[in-house]
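# Fold and contact review
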Amino acid sequence: MGRTEDPTATAAPDGSHPAGTGPGGASPGPHPQVAAADRDINGTVGALLHTLLAERLSEACATDPVSGRDIAERIARFTSLGGRRLRPALLWWALRACALPDGDRARAALRVGAALELLQTCALVHDDLMDSSRLRRGRPALHVSLADQYGAAGTDLFAGAAAVLAGDLALAWAEDTLAETELPDPVRRRVRAVWRVMRGEMVAGQYLDLHGQVTADRSALLALRTARLKSAQYSASRPLELGAVLAGADPALTRRLAEAGAPAGLAFQLRDDLLGVFGDPSRTGKPAGDDIREGKPTLLVALAHARATARGRLADVAVLEAALGDPALTPAGLDAVREVLESTGARAAVEERIGRMASRALARLDALPLDPVAGERLRGLLRLAAGTTPEPGHTPHHPEREAGHADTARPH
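Residues numbered from 1 in each chain as written. Predicted model: local features only at pLDDT ≥ 70, side-chain atom pairs only at ≥ 80, totals over all residues. Heavy atoms only, no water.

## Observations regarding the layout of surface pockets
Estimated volume of the largest pocket: approximately 750 Å³. Around the largest pocket sit 45 residues that line it, and Ala123, Leu124, Asp127, Gln206 and Lys230 are the ones nearest its centre. Contributions of two or more residues to the lining of the largest pocket are made by α5 (103-130), α7 (156-179), α8 (185-215), α9 (220-246), α10 (251-278) and α12 (290-294). Top contributing element to the lining of the largest pocket by residue count: α5, with 8 residues. Of the residues that constitute the lining of the largest pocket, the class distribution is 18 nonpolar, 10 polar and 17 charged. Together, 14 residues line the second largest pocket, and Arg74, Arg77, Phe78, Arg139 and Pro140 are the ones closest to its centre. Secondary-structure elements contributing two or more residues to the lining of the second largest pocket are α3 (65-81), α5, β2 (139-140) and α6 (142-150). When residues in the lining of the second largest pocket are grouped by element, the largest group, 4 residues, is from α3. (1 Å grid on protein atoms, 1.4 Å probe; cavity = no way out; pocket = protein on both sides within 12 Å on 5 of 7 lines; lining within 4 Å. Points joined across faces, edges and corners; volume = space filled by probe spheres on them. Helix = DSSP H or I, 4+ residues; strand = E, 2+ residues; numbered from the N terminus. Nonpolar A, V, L, I, M, F, W, Y, C, P; charged D, E, K, R; others polar.)

## Re the side chain of Glu241
Its location among the elements puts Glu241 in helix α9. Note on Glu241: relative accessible area 15%, which makes it buried. Among all residues touching Glu241, those that are not within four sequence positions of it are Val194, Thr254 and Ala258. (Buried < 20%, exposed > 50% of the residue type's maximum accessible area, 1.4 Å probe, protein only. Contact = heavy atoms within 4.5 Å.)

Here it is as structure tokens:
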């Protein structure tokens with residue numbers, strides 16, 4: 001959504017470190033572009049995206065000014081604002097943990113990181129539409145914004161169809177960015193193979209999410225499989241794998257690095273599930289309870305349902321069954337669901353699993369022969385992904401729900 005030492009003692013949670021230092025400490029200094037990314041990977045990817053998006057937007061508006069204004073501009077703005085750019089940061093520091101790249105390899109890695117951000121835009125735009133979410137990052141979701149723009153003419157059908165096209169455009173831009181990235185043929189083939197698997201996992205996971213809603217499947221097995229495919233692999237494991245591949249790491253190290261990211265990615269999604277029910281909308285940028293109203297197959301709900309059933313707590317089962325999938329669920333109804341999630345121990349069980357997943361990710365990472373300084377950056381990032389690195393004065397947070405609410409790509 002651990003270790004005891006403070007990862008921010010030498011680096012910010014996004015992996016930044018003081019100017020003039022690099023993996024291993026001092027000299028010899030890395031290529032200037034590598035040094036810039038080391039100092040501020042989020043800002044470096046953001047600057048690249050600014051250039052890429054300006055080019056794409058110019059092309060889109062030249063093709064047609066109306067679709068350029070309504071769709072392309074929204075996609076460019078959404079991607080530019082971004083969140084904490086966790087995935088490019090994971091990719092970058094996995095690369096740095098495996099090798100010190102030259103300028104060409106660094107530029108390629110930054111472009112792949114930018115492509116990940118565009119793929120994330122596609123996923124979020126489509127996810128908001130499928131979940132009927134009205135807010136994203138504290139603002140109207142893209143399909144809501146389009147409907148508002150056209151008022152009476154902006155029917156649900158129009159806004160939904162337009163959002164599908166907008167997400168498709170973001171995906172096309174991601175694919176173009178990846179395709180235009182210059183890489184040696186062997187590395188290019190490996191990058192494309194990881195990218196292909198990652199896209200397939202995302203689609204399969206999103207479909208399982210929908211399938212669980214329509215079938216009312218409350219099993220923990222489905223919830224975990226959905227979480228792994230829909231978000232866990234894409235949020236941590238695959239970015240780490242891409243970084244290792246770009247570094248030219250051998251297949252064994254690449255696989256083990258991806259395996260280190262897998263439990264952190266699962267913790268990422270489980271933390272998101274908790275925030276979807278218990279989070280503060282002023283911090284998450286999304287309404288609380290949407291997952292319940294949509295009837296999503298989350299582990300949180302699956303555990304509560306199974307425990308209430310096993311203990312014969314029929315009233316609790318009835319509360320869950322009545323609320324799950326009810327788009328008109330009231331605040332009082334949501335409070336009743338929260339009470340069941342608490343009293344059955346489901347919330348505590350998910351919190352405990354998040355802690356175990358974070359510890360497992362760090363243990364796997366510590367067993368790898370990585371550059372120690374870059375490896376330390378990865379430790380901080382995996383803890384951030386799992387939601388086990390609290391901000392001062394706050395409980396553990398989730399980088400996608402909470403940081404996405406901010407207008408900056410930098411962590412607080």
